[in-house]
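# Architecture at a glance
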Amino acid sequence: MTTVRTAAVVGAGAQGAVHAFGLSRIPDLRIAAISDVDADAADALAARHGARGYRDLERLLTENPVDVLSVCAPAAVHRDVVDLALAHGVTAIHCEKPMALSYGDARHLVETAAAHGAVLTVNHQRRFDRMHRAVRDLVQDGTIGELTGAQGYCANLFDWGSHTVDLLRLHLGDPRATSVLAQIDVAARKRVYGAPTETAGIVKVRFDSAVDAVIITGRDERLHPLGDNGIVLQGTRGRVEIFGGRALVHVDGRDPQEILESVDPEFAIELGGVDPAIIEQTALALADLVRAAETGAEPVLHARHGLAAAEIIFAAYESSVRRGLVRLPLDVLDNALQRGLDQGLWAPVTEIVSTY
């Protein structure tokens with residue numbers, strides 16, 4: 001007899017709709033409920049999937065057996081949501097990035113999920129991007145020679161930068177970071193999806209692979225000639241530049257090879273203006289999580305990768321506050337950016353509420 005798993009989604013915004021769509025495509029998985037603080041939003045998304053809308057997550061979990069939970073609520077509530085889900089026996093949780101507002105909370109998510117025997121993933125869905133996978137294969141095959149360094153460019157470190165850091169780790173072979181040296185500026189009290197971020201910064205990450213990465217953040221000036229969000233991989237024979245859904249592979253002075261992001265046509269749908277590539281990659285990530293929960297295999301987006309990115313980000317903020325090098329593993333559990341703001345280390349002159 002086929003076992004039908006049940007799923008639920010917390011957060012009925014655009015990304016919640018993306019997760020619900022991805023879950024709806026998984027065989028033998030039924031979406032039972034959608035939860036959101038906005039009851040109308042929860043009901044509307046639930047109606048699209050034959051589910052029930054809730055405003056109270058605890059009531060949802062009490063009234064419905066849930067095997068798989070997608071967490072699309074703001075990072076500030078991730079810890080409470082995951083704790084509640086684990087207490088109600090949820091065994092597979094897919095959590096949107098960023099993981100949490102502090103390194104301590106990010107660690108708590110990973111450690112608590114493991115203690116409950118649950119599988120936790122973080123939606124750095126670009127690991128499923130065909131273009132990035134093709135680039136990873138080229139790098140592993142030695143097309144650009146031996147890696148000598150990498151650069152990342154992003155609007156801010158905490159939100160956009162979580163993808164940037166994760167992709168840098170992916171292309172460098174998922175090395176362990178050993179130290180971080182950074183300086184950030186907070187010219188405005190900037191919040192992205194409710195989370196505080198810097199307005200500009202530069203971060204140097206040393207990995208145990210002996211290949212360093214430098215990350216530059218900000219929005220005031222163009223970060224790189226090819227775009228504001230991307231990465232560059234440097235090798236002894238060439239380099240790869242990845243910006244805006246396009247990778248340019250430069251080898252030995254020849255004309256660059258172009259690799260373009262591609263999306264299966266069935267994902268070219270309208271879901272709140274979300275990029276179809278994100279829709280497809282998130283669907284693949286959710287399907288991979290369910291397979292991992294069923295087979296015991298490690299999922300591609302295992303939360304250990306999300307925690308590794310979070311450690312680098314929070315270490316960068318800590319380095320800026322200390323004005324010095326931070327050696328890892330990180331032993332500070334709060335958010336140094338927020339601590340520095342509370343202590344008056346920066347004097348922001350305006351306020352920005354943004355999505356990037």
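Everything here concerns the structure above.
As a starting point, this report considers the structure included with it. Because the structure is predicted, anything quoted here is derived from the model rather than measured.

Reading the values: rules and limits
Residues numbered from 1 in each chain as written. Predicted model: local features only at pLDDT ≥ 70, side-chain atom pairs only at ≥ 80, totals over all residues. Heavy atoms only, no water. Buried < 20%, exposed > 50% of the residue type's maximum accessible area, 1.4 Å probe, protein only. Helix = DSSP H or I, 4+ residues; strand = E, 2+ residues; numbered from the N terminus. Contact = heavy atoms within 4.5 Å. Pairing = 2+ DSSP bridges. Axes fitted to C-alpha atoms, helices over the stretch in contact; angles between N-to-C directions.

A few words on helix α1 (residues 14-24). Of all 11 residues in α1, 8 are buried, a share of seventy percent or more. Burial in α1 covers these residues: Gly 16, Ala 17, Val 18, His 19, Ala 20, Phe 21, Gly 22 and Leu 23. Where α1 is buried, its residues contact β1 (5-10), β2 (29-35), α2 (39-48), β4 (68-71), β5 (92-95) and α8 (276-295).

Glancing now at the sheet that holds β5. The strands that make up a sheet are held in pairs by hydrogen bonds between backbone atoms, and each pair lies either parallel or antiparallel. On the basis of which strands lie adjacent, the open sheet formed by 6 strands has the order β3-β2-β1-β4-β5-β6 and parallel pairing. The strands lining the two open edges of the sheet, one partner per strand, are β3 (52-54) and β6 (119-122). For this sheet the average axis-to-axis angle between neighbouring strands, irrespective of direction, equals 20°. Against the sheet, α2 touches β2 and β3, its axis set at about 160° to β3.

Turning our eyes to something else, we now look at the side chain of Ser 102. Among the secondary structure elements, Ser 102 is positioned in the loop between β5 and α5 (103-115). The class for Ser 102 is buried, based on a relative accessible area of 13%. The residues touching Ser 102, leaving out its near neighbours within four places in the chain, are Phe 314, Leu 333, Asp 334 and Asn 335.

Turning next to unusual backbone geometry. Negative phi values dominate among residues other than glycine, just as trans dominates among peptide bonds. Cis geometry is found at the peptide bond from Lys 97 to Pro 98, where omega equals -10°. Its location among the elements puts Pro 98 in the loop between β5 and α5. Geometrically, the link from Leu 328 to Pro 329 is a cis peptide bond, its omega value of 15° lying close to zero. Take Pro 329: it is sitting in the loop between β17 (326-327) and α10 (336-342). One non-glycine residue, Asp 28, lies in the positive phi region at around 60°. Here Asp 28 lies in the loop between α1 and β2. Although it is not a glycine, Arg 323 adopts a positive phi angle of roughly 60°. Relative to the elements of secondary structure, Arg 323 occurs in the loop between α9 (303-322) and β17.

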